[in-house]
Amino acid sequence: GQQLNQSPQSMFIQEGEDVSMNCTSSSIFNTWLWYKQDPGEGPVLLIALYKAGELTSNGRLTAQFGITRKDSFLNISASIPSDVGIYFCAGHGSGNTGKLIFGQGTTLQVKP
Amino acid sequence: DSGVTQTPKHLITATGQRVTLRCSPRSGDLSVYWYQQSLDQGLQFLIQYYNGEERAKGNILERFSAQQFPDLHSELNLSSLELGDSALYFCASSVVRPGREDGYTFGSGTRLTVV
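Residues numbered from 1 in each chain as written. Chains lettered and ligands numbered in written order. Predicted model: local features only at pLDDT ≥ 70, side-chain atom pairs only at ≥ 80, totals over all residues. Heavy atoms only, no water.

Caption draft 1: Focus on the layout of surface pockets. Estimated volume of the largest pocket: approximately 610 Å³. Together, 27 residues line the largest pocket, and I86 and T107 of chain A together with Q37, S38 and L39 of chain B are the ones closest to its centre. Elements represented by at least two residues in the lining of the largest pocket include exactly β9 (85–93) and β11 (106–111) of chain A together with β4 (31–38), β9 (87–94) and β11 (110–114) of chain B. Among the residues making up the lining of the largest pocket, the classes are represented as nine nonpolar, 15 polar and three charged. (1 Å grid on protein atoms, 1.4 Å probe; cavity = no way out; pocket = protein on both sides within 12 Å on 5 of 7 lines; lining within 4 Å. Points joined across faces, edges and corners; volume = space filled by probe spheres on them. Helix = DSSP H or I, 4+ residues; strand = E, 2+ residues; numbered from the N terminus. Nonpolar A, V, L, I, M, F, W, Y, C, P; charged D, E, K, R; others polar.)

Written out as structure tokens, the structure reads:
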């Protein structure tokens, strides 16, 4: 079935640094979404991308829908301690009923 | 509060037992999705319901079943539990029809521990 490969698996950075993570797929996706999960909570939607090439920002977060429709990246600028958590990419592939396929997640730790 | 309510928050049970997890979707949302999150497995799609009908199945074991009721709440039934079923189980809901591509709203999850 369709799979998303997310990297890196984990990151440990200094507060104030910029962060970049990405997701790739062997098949085309029609929508890319980025979620953040805090410990003990469900994932929360950060950014949704609907068109190839689309670049969308949400505060310090910026995400892009790759031109090939097979990849997406998420950048976090000037990281702060509350950015700690697990970031998931997710996508709707073609021909499915709306179910989201998730990447394996990137665990981000920020050192104050 | 995301608007998606899951109960119970924690559940500890013995192998071989059966449990029911409950989810109330966000007001107005017709689609309900169940996901399993194990430690090293990410979020695995189990099953989707739309307005009371099953619409998609993922890697859901035969020992697991689900339904969505007329008031749109959903229950996930897990039976003959095994140690490997220990995981976080998330429910999510969305307002749009299946085939429309949109994000989900997740509940806080039920942490199931099988001992």
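Next comes the rest of the description.
Caption draft 2: Focus on the pattern of salt bridges. Under the defined criterion, the tally for this structure stands at five salt bridges over all chains. A salt bridge links K36 of chain A to D38 of chain A, with the nearest nitrogen and oxygen atoms 3.1 Å apart. Exposure remark for K36 of chain A: the relative accessible area of 13% places this residue in the buried category. The salt bridge involving D85 of chain B is made with R63 of chain B; its shortest N-O contact spans 2.8 Å. Here the residue D85 of chain B occupies a position in the loop between β8 (74–78) and β9, and R63 of chain B occupies one in the loop between β6 (53–57) and β7 (64–68), the gap between them amounting to 22 residues. (Salt bridge = Lys/Arg side-chain N within 4 Å of Asp/Glu carboxyl O. Buried < 20%, exposed > 50% of the residue type's maximum accessible area, 1.4 Å probe, protein only.)

Caption draft 3: Structural view of the packing of aromatic side chains. Residue and element names in this part refer to chain B. One pass over the full model with this rule turns up 13 aromatic pairs over all chains. Centre to centre, the rings of Y104 and F106 are 6.3 Å apart; their planes meet at 45 degrees, and the pair counts as tilted. Its relative accessible area of 3% is what places F106 among the buried residues. (Phe/Tyr/Trp six-rings, centres within 6.5 Å; stacked < 30°, edge-to-face > 60°.)

Caption draft 4: Geometry of the sheet that holds strand β8 (residues 71–76) of chain A. Residue and element names in this part refer to chain A. Taken together, the five strands give an open sheet; going across it, the order is β1-β3-β8-β7-β6, and neighbouring strands pair in antiparallel fashion. The open sheet is flanked by β1 (5–7) and β6 (55–58), the only strands paired with a single partner. For this sheet, the mean angle separating the axes of adjacent strands, direction not counted, is 15 degrees. Pairing geometry for β6 and strand β7 (residues 61–65), over four bridges, is antiparallel. Across the sheet, the residue bridging to S57 is T62, located in β7. (Pairing = 2+ DSSP bridges. Axes fitted to C-alpha atoms, helices over the stretch in contact; angles between N-to-C directions.)

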